[in-house]
Amino acid sequence: MPEVIFPLDSGRRFEDQQKLGHNRWHPEIPPVATVKPGDSFRVDCREWFDGAIVNDDSAEDILNAPLLTVHKLSGPFAVEGARPGDLLIVDILDVGPIPQEDSGPLAGQGWGYTGIFAKNNGGGFLTDQFPDAYKAVWDFNGQVASSRHVPHVSFEGLIHPGLMGTAPSAELLARWNTREMALIDTDPDRVPPLALPPEAEQAVLGGLPRDQWARVGAEAARTAPPRENGGNQDIKNLSKGTRVFYPVFVDGANLSVGDLHFSQGDGEITFCGAIEMGGFIDLRVDLIKGGMETYGVHEHAIFMPGRVDPRFSEWIAFSGTSVTLDGEQRYLDSHLSYQRACLHAIEYLTKFGYSPEQAYLLLGAAPIEGRLSGVVDIPNSCSTVYLPTAIFDFDVRPSASGPFQIDPGIGAPRAENR
């Protein structure tokens, strides 16, 4: 096992650990450890809400999820010799739930969860159709997940970090804040908001001196969106065996990681759409000096995915076009067409006995494939959602005999939007 350079004690809060991570992006957050090019190391990661979501049959915790406190990130980790303009190579050697802890109160101790966030607290991809909060708890049996809240399905996990990235420079951070605030100003009262501005009160800024927290917290970027540094990309294929190339914007690169997922469908459509958990990740780092210019990687990360995806041979796919539910035509709107594809999949699954929210939770958590199938045939974009048939314990295909009727069980816990 590689050296653990960021250990976490499951019996202590994130802020009470031996080494303190962070929940904002800012170039002044100091590294908690330094590694050399070629080093391999292990990092413990806490579930993104630090235990606020519990293993029960209520969705009140999802309704009241403390979004101002996320994400709980491990790091930053400085890489010796890294300079702005380099590319940081990050190999994911291994990733999994909390080792040797198969039960306990923290997600990652033998279980994880998926949430549909209430419209007034984050929302989701289909928040107008699903304004309330819902939850599904998933139990891990080795590599397989199943849920009492979404019965008759089980699937192998594709474990990955939802969030990993390098620190921004002061100039890049200023650009983020300027452009995101300009977007917010176009509709400042929108629910959910168009973007999340800096917020100092709940900021956790690692080893930065406490007398600097108020100033830096007022500038530091929230970790919710993906940006030029990578960040919260929620790419399910960043699994074991993946190699990622991150642009370096500050000396040392200052890599951070967190928000581990046991499984996720493309898009993480419920916002808390993956199976969230804490755990560990083993990394190896290296550098390509001057690589940003050499390879034209200035405002994005590139990656070579691993080869541990679950192998499915049969899928059922649903398409959607850029026409609203009210029949309004939109021009090549791929966001809308993917929404419509997801809604078609949800409606289909309800014919077998699932509630709409159970089907929505399943699409967020299971390893579905989402694709932009057509983006040039005006006026309609076409998106598709591919659902593996093998995850069901019944025949989910259309047939002349009609849909098999499942017992939906206790259903997904609900808490009304308020």
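Residues numbered from 1 in each chain as written. Predicted model: local features only at pLDDT ≥ 70, side-chain atom pairs only at ≥ 80, totals over all residues. Heavy atoms only, no water.

Attention now moves to the overall build of the chain. Looking only at helices and strands, the chain has six helices and 23 strands in total. For the chain, whose C-alpha radius of gyration is 21 Å, the value lies close to the compact-globule estimate of 22 Å for 418 residues. Its C-alpha atoms give the chain principal-axis dimensions of roughly 65 × 50 × 40 Å. The proportion of buried residues among the 418 residues of the chain is 55%. A sequence separation of at least 24 residues applies to 79% of the contacts in the chain between residues at least 6 apart. Looking at the chain as shown, the accessible area adds up to about 17000 Å², and 50% of this sits on carbon and sulfur atoms. One way to put it: in the chain the 33 positive side-chain charges average out to a point 3 Å from where the 56 negative ones average out. (Helix = DSSP H or I, 4+ residues; strand = E, 2+ residues; numbered from the N terminus. Rg over C-alpha atoms; globule rule 2.2 N^0.38 Å. Buried < 20%, exposed > 50% of the residue type's maximum accessible area, 1.4 Å probe, protein only. Contact = heavy atoms within 4.5 Å. Areas by Shrake-Rupley, 256 points an atom, 1.4 Å probe, with all protein chains shown as cover. Lys, Arg positive; Asp, Glu negative; His and termini not counted. Charge placed at Lys NZ, Arg CZ, Asp CG, Glu CD.)

A separate point is the state of the cysteines. Enumeration over the complete set of coordinates arrives at zero disulfides. Cys-45 provides the cysteine sulfur closest to Cys-272, a residue in no disulfide bond, and the two sulfurs are 16 Å apart. (Disulfide = S-S within 2.5 Å.)

The subject of this paragraph is the nonpolar core. Buried together is how nonpolar side chains tend to be arranged in soluble globular proteins. Grouped together as the largest cluster of nonpolar side chains are 76 residues, with contacts concentrated most on Leu-88, Trp-138, Leu-362 and Phe-392. Looking at this core, the element that brings in the most residues is helix H5 (residues 334-350), giving eight residues. Inspection of this core shows a minimum of three residues originating in each of domain 1 (3-304) and domain 2 (315-407). Excluding residues within four positions of it along the chain, Phe-392 makes contact with His-152, Val-153, Leu-349, Tyr-354, Leu-362 and Leu-387. If you look at the next biggest cluster of nonpolar residues, it comprises 18 residues, including Ala-65, Tyr-113, Ala-118 and Ala-133. (Core = buried A, V, L, I, M, F, W, Y, C linked by side-chain atoms within 4.5 Å. Domains from an automatic or database assignment.)

This paragraph deals with unusual backbone geometry. Note: most residues except glycine have negative phi, and most peptide bonds are trans. Looking along the chain, the bond that leaves Val-70 and enters His-71 is cis, with omega of -5°. Within the fold, His-71 resides in the loop between helix H1 (60-63) and strand S5 (74-79). Gly-75 connects to Pro-76 through a cis peptide bond whose omega is 0°. Examined against the element boundaries, Pro-76 turns out to sit in strand S5. Non-glycine residue Leu-332 carries a positive phi angle of around 45°. Within the secondary structure, Leu-332 is located in the loop between strand S20 (315-321) and H5.

With that out of the way, let us pick up the domain arrangement of the chain. With domains assigned, the chain is organised as domain 1 (3-304) and domain 2 (315-407). Placing a centre on the C-alpha atoms of domain 1 and another on those of domain 2 gives a separation of 27 Å. Contacts between domain 1 and domain 2 engage 29 residues on the former and 28 residues on the latter. Summed over the shared surface of domain 1 and domain 2, the result is one salt bridge. Note that Lys-236 is salt-bridged to Glu-369, the shortest N-O span being 3.4 Å. Across the contact surface, domain 1 and domain 2 share 18 residue pairs in polar contact (both at pLDDT 80 or more). Broken down by secondary-structure element, the contributors of at least two residues to the side of domain 1 that touches domain 2 are strand S7 (111-116), strand S8 (133-141), strand S10 (154-156) and strand S17 (271-276). Broken down by element, the residue count for the side of domain 1 that touches domain 2 peaks at four residues, all from S8. (Salt bridge = Lys/Arg side-chain N within 4 Å of Asp/Glu carboxyl O. Polar contact = N/O pair within 3.5 Å; in protein donor to acceptor, adjacent residues only side chain to side chain.)

Applying the stated criterion across every chain, the model contains 19 aromatic pairs. Where Trp-48 meets Phe-49, the ring centres are 4.3 Å apart and the plane angle is 45°; that geometry is what we call tilted. Residue Trp-48 is classed as buried on the basis of its relative accessible area, which comes to 3%. Between the aromatic rings of Phe-125 and Tyr-338, the centroid separation amounts to 5.7 Å while the plane-to-plane angle is 50°, which identifies the pairing as tilted. Of this pair, Phe-125 sits in the loop between S7 and S8 while Tyr-338 sits in helix H5, and the two are 213 residues apart along the sequence. (Phe/Tyr/Trp six-rings, centres within 6.5 Å; stacked < 30°, edge-to-face > 60°.)

Backbone hydrogen bonds hold the strands of a sheet together, and the pairing may be parallel or antiparallel. Strand order across the open sheet formed by six strands is S1-S4-S18-S6-S15-S19, with mixed pairing between neighbours. The sheet is open, and its two edges are formed by strand S1 (3-6) and strand S19 (302-304), each paired on a single side. Geometrically, the sheet is characterised by an average inter-axis angle of 35° between neighbouring strands, direction not taken into account. As defined by bridge partners, strand S15 (residues 243-247) adjoins S19 across three bridges and the pair is classed as antiparallel. Residue pairing in the sheet places Arg-243 in a bridge with Met-304 of S19. (Pairing = 2+ DSSP bridges. Axes fitted to C-alpha atoms, helices over the stretch in contact; angles between N-to-C directions.)

Let us now look at the side chain of Gln-264. Of note, Gln-264 is situated in the loop between strand S16 (255-261) and S17. By relative accessible area, which is 1% here, Gln-264 ends up buried. There is a polar contact of 2.9 Å between the side chain of Gln-264 and the backbone oxygen of Asp-234. Residues in contact with Gln-264, not counting those within four places in the same chain, are His-160, Asp-234, Lys-236, Ala-274, Gly-364, Ala-365, Ala-366 and Pro-367.

With that settled, the discussion passes to H5. The terminal C-alpha atoms of H5 lie 25 Å apart, and with 17 residues this matches the ideal 24 Å at 1.5 Å per residue to within 8%. Of all 17 residues that make up H5, twelve are buried, and the element is covered over most of its length. Within the span of H5, buried status applies to Leu-336, Ser-337, Tyr-338, Gln-339, Arg-340, Ala-341, Cys-342, Leu-343, Ala-345, Ile-346, Tyr-348 and Leu-349. You can read the cap of H5 off the contacts: a side-chain oxygen lies 3.2 Å from the backbone nitrogen of His-335, and it is on Asp-333. (Expected span 1.5 Å × (residues − 1).)

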